[in-house]
Amino acid sequence: ATCDGIEWGTVTIIAGRPSNGKSLFKDQLVNEGMLLNNGSTEIRNLSFSMDMSSLMVGLREISAGTGKTYTELCSTRGYVVSDEDMMACYATVASNNSYPCDVIEDSPTVRQFEEIVTEYMEAHPNSKVIVDVDHMILFEMSDEFDDQTKALYGVCNAVRRLKKKYKQRILFLLLNQILKDADKFDRNEDGLLANYPTTGDLFGGDATMQLADTVFALKMPWKNGINYYGPD
């Protein structure tokens, strides 16, 4: 489905219920992509982090880089951060700072989002850019897009225009929500086809499916009490 990797000029949507690992999934794709390309300045990351603060994002990065859990880094449950832990934290931060990544923390409107991406692309004409959005329903409302559904359709149209304009210089990783219907008890009995997320479970399903080249729908069976997932 992904041609043995995520292609430039494509849109990948990562969908899931809250706390099902969407941000982790996205961060893993971006971070490993940077590592595989040795932090090349030919590839940059423009990250719209509207769901989590930069502090939380940073702690996650340090946790991943040091192998220490979030609980250990916060010095809870009796764990004491050692000098060796701190040196590992400093090393992780220094390594991550070498990657060309820029973070937008405030939620823009749809029009501002398109303007920010356009300005970024023009400011780095010799680079390819991974644009990630965390996530699609957190854009600021405006007179033009005054509810979440309108804003989502607006975002889809903006991404489509940007993809066509910059072609093989840009790719999008967009986080989206799976609706709460997926958590209904009658869909989470063992061994049902209904265990699987469907197109209708995506927020703005038709619009997002038409936009996307690839959709990853995440689900954690253990959270729903499923021991045997899907039919044979």
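Preceding this section is the structure that the text describes.
Residues numbered from 1 in each chain as written. Predicted model: local features only at pLDDT ≥ 70, side-chain atom pairs only at ≥ 80, totals over all residues. Heavy atoms only, no water.

Colleague: Break down the sheet that holds strand 6 (residues 214-218) for me, citing the residues and quoting the values.
Modeller: Spatially, 3-2-4-5-1-6 is the arrangement adopted by the six strands of the open sheet, whose pairing is parallel. Looking at the sheet topology across the chains shown, the edges are occupied by strand 3 (101-104) and strand 6. Between one strand and the next, the sheet's axes are offset by a mean angle of 15°, whatever the strand orientation. The pairing of strand 1 (residues 11-16) with strand 5 (residues 170-177) spans six bridges and is classified as parallel. Pairing of Ala 15 across the sheet is with Asn 176, part of strand 5. Those strands touched by helix 5 (residues 110-123) are strand 2 (43-49), strand 3, strand 4 (128-134) and strand 5, and its axis lies near 160° from that of strand 2. The strands touched by helix 6 (residues 148-166) are strand 1 and strand 5; relative to strand 5, the strand with the most contacts, the crossing angle is about 165°. (Pairing = 2+ DSSP bridges. Helix = DSSP H or I, 4+ residues; strand = E, 2+ residues; numbered from the N terminus. Axes fitted to C-alpha atoms, helices over the stretch in contact; angles between N-to-C directions. Contact = heavy atoms within 4.5 Å.)

Colleague: Help me get a handle on the nonpolar core, residues and values and all.
Modeller: Ranked by size, the top nonpolar core spans 32 residues in total, and within it Phe 48, Phe 113, Val 117, Val 131, Val 159, Phe 172 and Leu 174 carry the most contacts. When contributions to this core are tallied by element, the ones reaching two or more residues are strand 1, strand 2, helix 5, strand 4, helix 6, strand 5 and helix 7 (205-211). Broken down by element, the residue count for this core peaks at eight residues, all from helix 6. With residues near it in sequence (within four places) discarded, Phe 48 still touches Ile 104, Pro 108, Phe 113, Ile 116, Val 117, Val 131, Asp 132, Val 133 and Asp 134. (Core = buried A, V, L, I, M, F, W, Y, C linked by side-chain atoms within 4.5 Å. Buried < 20%, exposed > 50% of the residue type's maximum accessible area, 1.4 Å probe, protein only.)

Colleague: Provide a residue-level description of the side chain of Glu 114, including the pertinent values.
Modeller: By the secondary structure assignment, Glu 114 is in helix 5. Those residues in contact with Glu 114 that lie beyond four places of it in its chain are Ala 158, Arg 161 and Leu 162.

Colleague: Could you give an account of the pattern of salt bridges, naming the residues involved and the relevant values?
Modeller: As enumerated under the stated definition, the model contains 13 salt bridges in all. Across the pair Lys 184 and Asp 181 runs a salt bridge, and its minimum N-O distance is 2.9 Å. Among the residues examined, Lys 184 registers a relative accessible area of 45% and is labelled partly exposed. Taking the relative accessible area as the measure of exposure, Asp 181 reaches 32% and is therefore partly exposed. Close ionic contact of Asp 181 with Arg 187 constitutes a salt bridge, the shortest N to O distance being 3.2 Å. (Salt bridge = Lys/Arg side-chain N within 4 Å of Asp/Glu carboxyl O.)

Colleague: Give a detailed account of helix 1 (residues 22-36), specifying residues and quantitative values.
Modeller: Over its 15 residues, helix 1 runs 21 Å from end to end, which matches the ideal 21 Å to within 8%, given 1.5 Å per residue. For helix 1, the complete set of buried residues consists of Lys 22, Ser 23, Lys 26, Asp 27, Val 30 and Met 34. Looking straight down helix 1, one finds that the buried residues subtend no more than 120° of arc, so they occupy a single side. Seen from the buried face of helix 1, the exposed residues on the opposite side, beyond 90 degrees, are Leu 24 and Leu 36. The inward-facing, buried residues of helix 1 abut strand 1, strand 2, helix 2 (54-66), strand 4, strand 5 and strand 6. Downstream of helix 1 by one or two residues, Asn 38 has phi in the positive range, about 55°. (Expected span 1.5 Å × (residues − 1). Arc of directions from axis to C-beta.)

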